[in-house]
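# Chain and residue survey
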Protein chains: 2
Amino acid sequence: MRIGELAEQAGVSTRALRYYEEQLLLSPQRTSGGQRVYPETAVGRVKIIRQLYAAGLSSRLIAELLPAIDARSMEPELLDRLSAERARIEAKAAELQAASRRLEVLIGLATHPDTESCPASLDPGPSGARRDNSPTSGVGTDAELPSLRRVPAYST
Amino acid sequence: MRIGELAEQAGVSTRALRYYEEQLLLSPQRTSGGQRVYPETAVGRVKIIRQLYAAGLSSRLIAELLPAIDARSMEPELLDRLSAERARIEAKAAELQAASRRLEVLIGLATHPDTESCPASLDPGPSGARRDNSPTSGVGTDAELPSLRRVPAYST
DNA sequence: CTAGAACTTGACGTCGGCGTGAAGTGCAAG
DNA sequence: CTTGCACTTCACGCCGACGTCAAGTTCTAG
């Protein structure tokens with residue numbers, strides 16, 4: 001199959017496919033005229049690639065990972081790097097959830113009628129799964145936000 | 001106080017402070033010579049800005065948010081956008097966690113001795129808090145990954 | 001007065017995963 | 001042969017929050 005068909009079947013753009021090839025994730029054959037020819041298996045392969053991208057992996061790491069998946073065999077060192085990546089992704093997810101909780105507090109302050117003087121420390125607190133205290137580009141000590149109330153919203 | 005001192009006290013770079021000003025998040029006064037002069041309150045303000053950045057907000061949204069925080073009063077429309085932002089951040093966090101679970105599966109496949117023919121569907125499944133089925137730049141239908149085993153690692 | 005630290009504006013670099021032309025070539029149908 | 005779509009390579013654009021020179025100015029201590 002050629003690039004257009006693969007793009008459609010895999011649900012990606014032709015530009016993306018050429019980019020993947022540039023990143024050595026795909027190695028299609030060529031016709032005598034220079035056009036790319038992919039095997040049927042390429043559809044699944046592209047989907048796997050998308051999965052790995054969606055997992056936050058860089059094209060570099062994916063390029064190293066794919067041969068291992070093909071060979072059904074992984075070097076321990078690569079396995080370690082994969083674990084490290086997963087840890088980073090987990091940390092990022094946790095950070096985002098903490099951020100979401102902070103926003104939730106802020107929204108709550110503006111949504112509720114001013115319920116007492118709620119101490120809005122905007123500190124997410126250790127409510128999640130924080131294993132380490134790595135920097136994670138930390139936002140230092142937390143600042144306080146003043147209380148908010150919703151504006152009456154005149155009859156617009 | 002001048003920019004260097006503020007930078008140190010707030011824990012950011014002077015470049016960042018100038019960038020914040022460019023984004024209309026800060027509006028310091030100037031000396032006759034043109035140097036920036038910040039009030040003491042700027043320290044807290046910068047920390048709040050950092051919090052909002054950490055919450056995944058864009059400088060554009062922060063710029064609209066800060067006056068509301070200053071005025072302790074928020075327009076409902078702005079509140080809605082804030083909620084939408086929070087929803088997006090939540091979705092992103094959930095997506096990352098799903099990705100992390102996928103990686104965990106992949107790592108597990110390579111780590112365990114080949115425990116039976118475990119059907120590695122790499123489907124995160126509904127194990128988390130997925131409220132909606134919004135696109136979230138979805139990776140379409142899930143692909144299968146073959147099983148893996150760890151390579152013996154010769155005595156290196 | 002002078003050294004030099006701290007400051008100023010300006011502008012280009014970064015990182016990644018593509019989007020989006022531009023200009024030319026391959027291929028199948030009528 | 002010709003139309004015309006799919007394809008090719010090349011290469012710049014983009015987004016965002018700054019980092020990082022570069023060259024000039026201001027402030028402060030001695």
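What you are looking at is a predicted structure, and each value in this text was computed from that prediction instead of being measured.

Bringing the overall build of chain A into the picture now. Each helix and strand counted, chain A has five helices and four strands in total. Listing every helix and strand of chain A by position from the N terminus yields α-α-β-β-α-α-β-α-β. A total of 156 residues make up chain A; the buried ones form 38% of that total. Of all intrachain contacts in chain A linking residues separated by at least 6 positions in sequence, the fraction that spans at least 24 positions is 49%. In the form shown here, chain A has an accessible surface area of approximately 9,200 Å², with 50% of it arising from carbon and sulfur atoms.

With that out of the way, let us pick up the UniProt feature "coiled-coil region" (unreviewed entry) in chain A. In this structure's numbering, the residues bearing the UniProt feature "coiled-coil region" (unreviewed entry) are residues 79-106 of chain A. Secondary structure content for residues 79-106 of chain A is 100% helix and 0% strand, and the end C-alpha separation is 41 Å.

With that out of the way, let us pick up the protein's contact with DNA strand C. Taken together, 22 residues surround DNA strand C, and among them A:Ser13, A:Arg15, B:Gly4, B:Arg18 and B:Arg36 come closest. Near the protein, within 4 Å, the atoms of DNA strand C are sugar or phosphate in 76% of cases. Between B:Gly4 and DNA strand C, the recorded distance is 2.7 Å, taken from a backbone N or O atom to a phosphate oxygen. Separating a phosphate oxygen of DNA strand C from a side-chain N or O atom of B:Arg30 is a distance of 3.1 Å. If you list the elements that add at least two residues to the surface near DNA strand C, you get α2 (14-22) and α3 (42-54) of chain A together with α1 (3-10) and α2 (14-22) of chain B. Considering each element in turn, the surface near DNA strand C owes the most residues, four residues, to α2(A). Each residue belonging to the surface near DNA strand C can be placed in one class, and the counts come to six nonpolar, nine polar and seven charged.

So, about the protein's contact with DNA strand D. As a matter of local geometry, DNA strand D sits amid 23 residues, with A:Gly4, A:Arg18, A:Arg36, B:Ser13 and B:Ser59 nearest to it. The sugar-phosphate share of atoms of DNA strand D within 4 Å of the protein amounts to 74%. A distance of 2.8 Å separates a phosphate oxygen of DNA strand D from a polar atom in the side chain of A:Arg18. Broken down by secondary-structure element, the contributors of at least two residues to the surface near DNA strand D are α1 (3-10) and α2 of chain A together with α2 and α3 (42-54) of chain B.

Moving on: the pattern of salt bridges. Inspection of the entire model under this criterion finds 16 salt bridges over all chains. The closest approach of N and O atoms between B:Glu104 and A:Arg86, which form a salt bridge, is 3.8 Å. Taken together, the residues span two chains, with B:Glu104 in helix α5 (residues 76-111) and A:Arg86 in helix α5 (residues 76-111). Judged by its relative accessible area of 42%, B:Glu104 falls in the partly exposed class. Classification of A:Arg86 as buried rests on a relative accessible area of 16%. For B:Arg45, the salt bridge identified is with B:Asp70, shortest N-O distance 3.0 Å.

All of the buried residues along α1(A) are A:Ile3, A:Leu6, A:Ala7 and A:Ala10. Looking straight down α1(A), one finds its buried side chains confined to an arc of 100 degrees; they lie on one side.

Moving on, we get to the packing of aromatic side chains. Residue and element names in this part refer to chain A. Under the counting rule described, the total for this entry stands at four aromatic pairs over all chains. An angle of 25 degrees between the planes, with centres 5.5 Å apart, marks the rings of Tyr20 and Tyr53 as stacked. In this pair, Tyr20 is assigned in helix α2 and Tyr53 in helix α3, connecting sequence segments 33 residues apart. Judged by relative accessible area, which is 3%, Tyr20 ranks as buried. Grouping aromatic residues by their ring pairs yields a cluster made of Tyr19, Tyr20 and Tyr53.

Residues and elements named next belong to chain B. It is the contact of α3 with helix α4 (residues 59-71), at a shortest axis distance of 11 Å, that shows an interaxial angle of 135 degrees. Overall, the two elements α3 and α4 adopt an arrangement that is oblique. Taken as a pair, α3 and α4 cross one another with a handedness that is right-handed. In this structure, α3 uses Arg45, Ile48, Ile49, Leu52 and Tyr53 to contact α4, whose residues at the interface are Ser59, Ile62, Leu65, Leu66, Ile69 and Asp70. Class assignment of the residues belonging to the contact of α3 with α4 gives a composition of eight nonpolar, one polar and two charged.

All right, on to the confidence of the model for chain A then. All names here are of chain A. Considering every residue of chain A, the mean pLDDT works out to 79; 71% of them sit at 70 or more. Averaged over each element, pLDDT in chain A is lowest for strand β4 (residues 149-150) (58) and highest for strand β2 (residues 36-37) (98). Contacts for the low-pLDDT stretch residues 116-141, under 50 throughout, to residues beyond four places or in other chains number 25 contacts.

This paragraph deals with unusual backbone geometry. Phi is mostly negative for residues that are not glycine, and the peptide bonds are mostly trans. All names here are of chain B. Look at Leu24: it is not a glycine, yet its phi comes out positive at around 65 degrees. Among the structural elements, Leu24 can be located in the loop between α2 and β1 (29-30). Positive phi, normally seen in glycine, also occurs at Arg72, with a value near 55 degrees. Of the residues examined, Arg72 reaches a relative accessible area of 42% and is grouped as partly exposed.

Conventions adopted
Residues numbered from 1 in each chain as written. Chains lettered and ligands numbered in written order. Predicted model: local features only at pLDDT ≥ 70, side-chain atom pairs only at ≥ 80, totals over all residues. Heavy atoms only, no water. Helix = DSSP H or I, 4+ residues; strand = E, 2+ residues; numbered from the N terminus. Buried < 20%, exposed > 50% of the residue type's maximum accessible area, 1.4 Å probe, protein only. Contact = heavy atoms within 4.5 Å. Areas by Shrake-Rupley, 256 points an atom, 1.4 Å probe, with all protein chains shown as cover. UniProt positions renumbered as here; feature names shortened; annotations may be inferred. Near = heavy atom within 4 Å. Polar contact = N/O pair within 3.5 Å; in protein donor to acceptor, adjacent residues only side chain to side chain. Nonpolar A, V, L, I, M, F, W, Y, C, P; charged D, E, K, R; others polar. Salt bridge = Lys/Arg side-chain N within 4 Å of Asp/Glu carboxyl O. Arc of directions from axis to C-beta. Phe/Tyr/Trp six-rings, centres within 6.5 Å; stacked < 30°, edge-to-face > 60°. Axes fitted to C-alpha atoms, helices over the stretch in contact; angles between N-to-C directions. Parallel < 35°, antiparallel > 145°, perpendicular 65-115°, else oblique. Left-handed = near helix turned anticlockwise from the far one by under 90°. pLDDT = per-residue confidence, 0-100.

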